Amino acid sequence: MSSTNLSELWPGQSQALLKSLHILTPQGTLNQDSRRKLKQVQHLVQLITPHLDGLKTIADLGAGKSYLGLMLYDLYLRSHEDMQLFAIEQRRELIDATKRIAFSSSFDRINFVASSIEEAVNSPELPPEIDAVTALHACDTATDDTITFAIKKNAKFIALVPCCQAEMARLLGKGGALDNLWRHGIHRREFGSHLTNVLRSLYLESLGYKVRVTELIGWEHSMKNELILAEKIQRGNPAARRQLDSLLETMPDARRLKLFAGDALAQG
Ligand SMILES: C[S@@+](CC[C@H](N)C(=O)[O-])C[C@H]1O[C@@H](n2cnc3c(N)ncnc32)[C@H](O)[C@@H]1O
């Protein structure tokens, strides 16, 4: 159902940009799906911008149609002229389409990089360090590639909204005492996803990030709703590392997760 009520837009939010992104129809209305996307991105922008003050570079990974990057530019980078945004997406046609939107909006401090997240780590198109890293619904292990990217780029701030997660579900064992926790397919996926996010959070903590895990938005707007915010506050955290290691001892297969590909200790 369409609505002409635009009170859901933020003051100063560009209607022209939202039309280019097909969030608003050409007539300036919102439909149910586009309202959901708008709310998700607005909430994320609201939650991350307090952490961006003083930072110079931000990378959005698995950017897709760059809803987040373009709206973040509209609502924050416009007035923060010393900040550069990098949008990284492996599908070149999406990069080409969003480049055109950025150009027509005169957003000249967004740099688009057509690359996988893994390859972007060493891309000459990106600076050696990136201050802030975001990934909104980066599929499956792309969230783990994002964590590896953020660590290698010395990110001070990371915001992740993980997507579906299949890797851990495949690793959950059969024949053990705990199997009833994941005997049914839906439980296996949900438990695998939950466990992966627990390990992601603990891993980031062990590397010296202060981690907050919360809801992005009401469940009516998205089922993939967990938000992990991580702020680098110290070089490392041995207590968190010990907790991570003892959890991994109870589930040795989890050491094979892509999350730990660059972590010699977790791989054991
Ligand atoms: C579910 S979409 C989300 C897009 C966008 N972040 C958003 O929330 O609208 C996931 C995107 O991540 C991209 N992606 C998945 N794995 C990737 C990888 N390893 N490297 C780069 N992009 C990836 C996909 O091509 C897709 O565009």
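That block above? That's the structure.
My aim in this report is to walk through the structure given alongside it, one point at a time. (Residues numbered from 1 in each chain as written. Predicted model: local features only at pLDDT ≥ 70, side-chain atom pairs only at ≥ 80, totals over all residues. Heavy atoms only, no water.)

Here strand 2 (residues 84-89) runs beside strand 3 (residues 110-114); their pairing, made up of 5 bridges, is parallel. Across the sheet, the residue bridging to Ile-88 is Val-113, located in strand 3. (Pairing = 2+ DSSP bridges. Helix = DSSP H or I, 4+ residues; strand = E, 2+ residues; numbered from the N terminus.)

Here we come to the site of the ligand. Around the ligand, a shell composed of 17 residues is seen, among which Lys-37, Gly-62, Glu-89, Ile-117 and Leu-136 lie nearest. Within the backbone of Gly-62, a nitrogen or oxygen atom sits 2.9 Å from a nitrogen atom of the ligand. A distance of 2.8 Å is found between a nitrogen atom of the ligand and a backbone nitrogen or oxygen belonging to Leu-136. Burial of the ligand by the surrounding chains reaches 82%, relative to a free accessible area of 590 Å². Given that more than half its atoms are within 2 Å of the pocket grid, the ligand belongs to the largest pocket. Partitioning the shell around the ligand into residue classes produces 7 nonpolar, 6 polar and 4 charged. (Near = heavy atom within 4 Å. Polar contact = N/O pair within 3.5 Å; in protein donor to acceptor, adjacent residues only side chain to side chain. Areas by Shrake-Rupley, 256 points an atom, 1.4 Å probe, with all protein chains shown as cover. 1 Å grid on protein atoms, 1.4 Å probe; cavity = no way out; pocket = protein on both sides within 12 Å on 5 of 7 lines; lining within 4 Å. Sits in = over half its atoms within 2 Å of the grid points. Nonpolar A, V, L, I, M, F, W, Y, C, P; charged D, E, K, R; others polar.)

If you want to describe how two helices pack, look at the angle between their axes and the distance between the axes. Two elements in contact, helix 6 (residues 142-152) and helix 8 (residues 185-206), have axes separated by 12 Å at closest approach and are oriented at 5 degrees. Classified by the interaxial angle, the pair formed by helix 6 and helix 8 is roughly parallel. Contacts between helix 6 and helix 8 pair Thr-143, Asp-144, Ile-147 and Ile-151 from the former with Arg-200, Tyr-203 and Leu-204 from the latter. When its residues are assigned to classes, the contact of helix 6 with helix 8 shows 4 nonpolar, 1 polar and 2 charged. (Axes fitted to C-alpha atoms, helices over the stretch in contact; angles between N-to-C directions. Parallel < 35°, antiparallel > 145°, perpendicular 65-115°, else oblique. Contact = heavy atoms within 4.5 Å.)

Once that is clear, we can look at the layout of surface pockets. There is about 500 Å³ of room inside the largest pocket. Every residue lining the largest pocket is counted, 23 residues in all, and those nearest its centre are Gly-62, Gly-64, Glu-89, His-137 and Cys-139. Of all the secondary structure elements, the ones that give two or more residues to the lining of the largest pocket are helix 3 (67-75), strand 2 and helix 6. Here the residues of the lining of the largest pocket are counted per class, giving 10 nonpolar, 7 polar and 6 charged. (Points joined across faces, edges and corners; volume = space filled by probe spheres on them.)

The values are spatial; any link to function lies outside them.
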